[in-house]
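Each chain, letter by letter, is given below.
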Amino acid sequence: MSHSKLAGIFNKDEKKVDWHDKALWFVRHKRDLSVHEVKGWEELRNLGHGIKAHTLSHLDVYLEQFEANALKNGVQVHWAANGDEHNQIVHGILKENHAKKVVKSKSMLTEECHLNPFLEANDIEVIDTDLGERIVQLAKEQPSHIVLPAIHKNKLEVDELFQEHLGTKPCNGDPQYLTGEARKHLREKFIHADAAITGVNFAIAENGGFVVCTNEGNADMGAHLAAVHIACMGVEKIIPKQEHLGVFLRLLARSATGQPITTYSSHFRKPRKDTKMHIVIVDNGRSEQLSRPDFRASLHCIRCGACMNTCPIYRRSGGHSYDATIPGPIGSILSPGKDLTKYSTLPFASTLCGSCSDVCPVKIDIHTQLYKWRQIIGKETPQPFIKKKSMAAMGKIFSKPSLYGKVGAVAHWALRTLPKSLINSWPNIWGKTRDLPVGHKQSFDQWYKERENNKKDDQK
Amino acid sequence: MDSRDTILKKLKANKPEFIALPKINLDIFDENIDMVKEFIRKVEVAGGKVFEVTDNKEVLSKTQEAFPDTKVNFTNLDDSGFFNTIDYETLKNPHKLNDLDVLVLESTLGVAENGAVWLTDNDIPVRVIPFITKHLVLVLPKENIVPYMHQAYNALDPEVLDYGIFISGPSKTADIEQSLVIGAQGAMSMTVFLV
Ligand code: SF4
């Protein structure tokens, strides 16, 4: 389904859309306050960009260095070309360790690979332990935001879900009570888990360590109690040195939620005594994206979510309207690289206002890339008949000033005079969800000429 | 060819021409902040509490005052026999620790810009305890506060670390309609004593 159709579904509940829009704008605002406190913020962003660009230009070397160091640290390293192989590897590790109960902390990569359904089909219980992710898991949905997975759910919906699945009392959506009950429920799961799966925020080539950031403490609760820890990372998570964490940890949380740092920034390097640590390094389309000069900077992304919070389209269409693991502006430049036909409407889900590029902590030129995808999609994928014809007609009109003037005058007259039902009739798909302005009696051109004439009259 | 070699070969073939690694010039960020004041402010913003005390004895007496009715307490501070209700051996079975009330640990590094306190395997007898405890109390010498994360990492040898963590405030979530709730999966409170 196209982005606009799915957005239409989300827009049926107007009150919810309003809340969603304002809640995310508030997060953007908190980001601004926090960022403005940092002296040299722009330089920090430049460094983030520069370190990532350097790393991508040396990626194979850093990955090999990372692997060698991780092995030295007693960590086992696996490589997966795609999502299926990733799932097989994880399942293989679990089987080898007779692990039947797994706790998982937030990892967009395992979402991308659809790990949960795969493991469940193999008789393994997987519990998402980030509260937001647990909520969407219970609701049998996907996260709609990479940092705030359940931002599309209101508290009454969470209340109902918890009553049904966790046996909680009706509480009118009291967040304190519901979080407390989730804590008890998840404690049980942590204590009895055989294995823990986490994502990776940053993997350090020079010492084979990796960093995981959470606010809830769920990654640590899982990893330090279970006998097996599996960390899954995309190839682009590598940074050259530990000192570069200084740059990225300063950027990440401020951009994400406005916190100066997440509550927990955990640095894993060696397994604890008598336990095992595995790292799965995944490609799944990233090497292809690296080959595209116009789009490779999308691999700089540190998954802070700032581009979503600021996007006027995302805020009003909801994460699910993108029908992809990573929604929002960054998702709209990553997804077409994976499946151009399926995601051909995503680069158009933007006003190209550039707000995403302005807030991005690693300075990805997101809106430029959206524009570039549009050019490719316009050429390579079939466009609707009406859009093609009307675009061609518009092209002709714009290229001839005299024609433009005449058509403009007619259009202004039509907008003033004709009934809405006629203006928004079927060829004008644009008008379906938008109201057109009232037509003016004068075009800008006429107004300007008249003003110049008046000036001359005055001077006489 | 296995996936490892395929992936590395593809990355090598597809990567752009070499781009130099930028140097980090710390002068750009320096604002001459009052580090203790800034640290206290940031811990409080993160939902934690800070007290300035003279020695470790005061840490434990103040901790007992703050948490008077707790049953299970542990610290690895010296001369703390009176405070501990469990021993190191019990700690080794972390699955038994679900009822740990108060944990007091010493840290060697704090960061002013974000109120983060650093702990490593050297400071934590068992990795899970700062998370599983209800209340986390950390002791930090004032002179070990650095201004920014850059200085923090400059103080840490990348080769020595086995496991380490920056903690800033108690565990928290805002996943239910963006309402902030303290006490998600980790500690429900965090107190820092500056000595
Ligand atoms: S593209 Fe930039 S702003 Fe968007 S999630 Fe990634 S790092 Fe954050």
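Just so we're clear, the structure is a prediction, and the values are computed from it rather than from any experiment. Every chain begins its residue count from 1, and numbering advances along the sequence as written. Labels are handed out in written order, letters beginning with A for the chains and numbers beginning with 1 for the ligands. Totals for whole chains, interfaces and linings use every residue, but because this is a predicted model, local features are given only for residues with pLDDT of at least 70 and side-chain atom pairs only at 80 or more, for both listing and counting. Note that the side-chain values use all heavy atoms of the structure and ignore hydrogens as well as water.

**Q** Please explain helix H10 (residues 175-192) of chain A as it appears in this structure.
**A** Spacing of three or four residues puts side chains on the same side of an α-helix, whose turn is 3.6 residues. Residues and elements named next belong to chain A. Spanning 18 residues, H10 covers 26 Å between terminal C-alpha atoms, matching the ideal 26 Å at 1.5 Å per step. Under the scheme applied here, a residue whose accessible area is under 20% of the maximum for its type counts as buried, over 50% as exposed, and between as partly exposed, the area being computed with a 1.4 Å probe on protein chains only. For helices the rule is a DSSP run of H or I covering at least 4 residues; for strands it is a run of E covering at least 2, with both sets numbered from the N terminus onward. Among the residues of H10, Pro175, Leu178, Thr179, Glu181, Ala182, Arg183, His185, Leu186, Arg187, Phe190 and Ile191 are the ones counted as buried. What qualifies as a polar contact is a pair of N or O atoms within 3.5 Å, subject to a donor-acceptor requirement within protein and to the restriction that residues adjacent in sequence count only when both atoms come from side chains. Structurally, the start of H10 carries an N-cap: the backbone nitrogen of Gln176 is 3.1 Å from a side-chain oxygen of Asp174. Expected helix span is computed as 1.5 Å times (number of residues minus one).

**Q** What's the story with the interface of chain B and chain A in this structure? I'm lost.
**A** Taken together, the contact between chain B and chain A spans 72 residues of the former and 90 residues of the latter. Criterion for a salt bridge: a side-chain nitrogen of Lys or Arg within 4 Å of a carboxyl oxygen of Asp or Glu. On inspection of chain B and its partner chain A, the count reaches 10 salt bridges. For Lys15 of chain B, the salt bridge identified is with Asp60 of chain A, shortest N-O distance 2.8 Å. Between chain B and chain A we count 42 residue pairs in polar contact (both at pLDDT 80 or more) in total. Put simply, the parts of the chain that give the side of chain B that touches chain A at least two residues each are helix H1 (3-14), helix H2 (35-45), strand E5 (116-120), helix H5 (129-132), helix H6 (149-154), strand E8 (163-167), strand E9 (172-173) and strand E10 (181-182) of chain B. Of the residues forming the side of chain B that touches chain A, the biggest block, 8 residues, is contributed by H1 of chain B. Counted by class, the side of chain B that touches chain A contains 36 nonpolar, 16 polar and 20 charged residues. A pair of strands counts as paired when DSSP detects no fewer than two bridges linking them. Sheet analysis places strand E9 (residues 264-268) of chain A next to E8 of chain B, joined by 5 bridges and oriented antiparallel. Each residue of the ladder has a partner; that of Phe268 of chain A, found in E8 of chain B, is Tyr163 of chain B. The contact criterion used is simple: two residues touch if any of their non-hydrogen atoms lie within 4.5 Å. Polar here means any residue outside two lists: the nonpolar Ala, Val, Leu, Ile, Met, Phe, Trp, Tyr, Cys and Pro, and the charged Asp, Glu, Lys and Arg; Gly therefore counts as polar.

**Q** Even after reading the chapter, I still don't get the sheet that holds strand E4 (residues 195-198) of chain A, so can you show me in this structure?
**A** To summarise the sheet geometry, strands pair through backbone hydrogen bonds and adopt either a parallel or an antiparallel arrangement. Residue and element names in this part refer to chain A. Spatial ordering of the open sheet is given by E1-E10-E7-E4-E2-E3, a layout of 6 strands whose pairing is parallel. Lying at the two open borders of the sheet, with one neighbouring strand each, are strand E1 (76-80) and strand E3 (125-128). Mean inter-strand twist for the sheet, computed between neighbouring axes without regard to direction, equals 20 degrees. When strand E2 (residues 101-104) meets E3, the two strands line up parallel, connected through 4 bridges. By the bridge assignment, Lys104 is partnered in E3 with Asp128. Axes here refer to lines fitted to C-alpha atoms; in helices the fit is confined to the stretch in contact. Angles between the N-to-C directions go from 0 to 180 degrees.

**Q** Before we go on, may I ask you to explain the domain arrangement of chain A in this structure?
**A** Where interface size is quoted, it is often the accessible area lost as the parts come together. Note that the domain bounds reflect an automated or database-derived domain assignment. Structurally, chain A comprises domain 1 (1-34 + 299-382), domain 2 (38-284) and domain 3 (398-459). Look at where the C-alpha atoms of domain 2 of chain A and domain 3 of chain A centre, and you get two points 54 Å apart.

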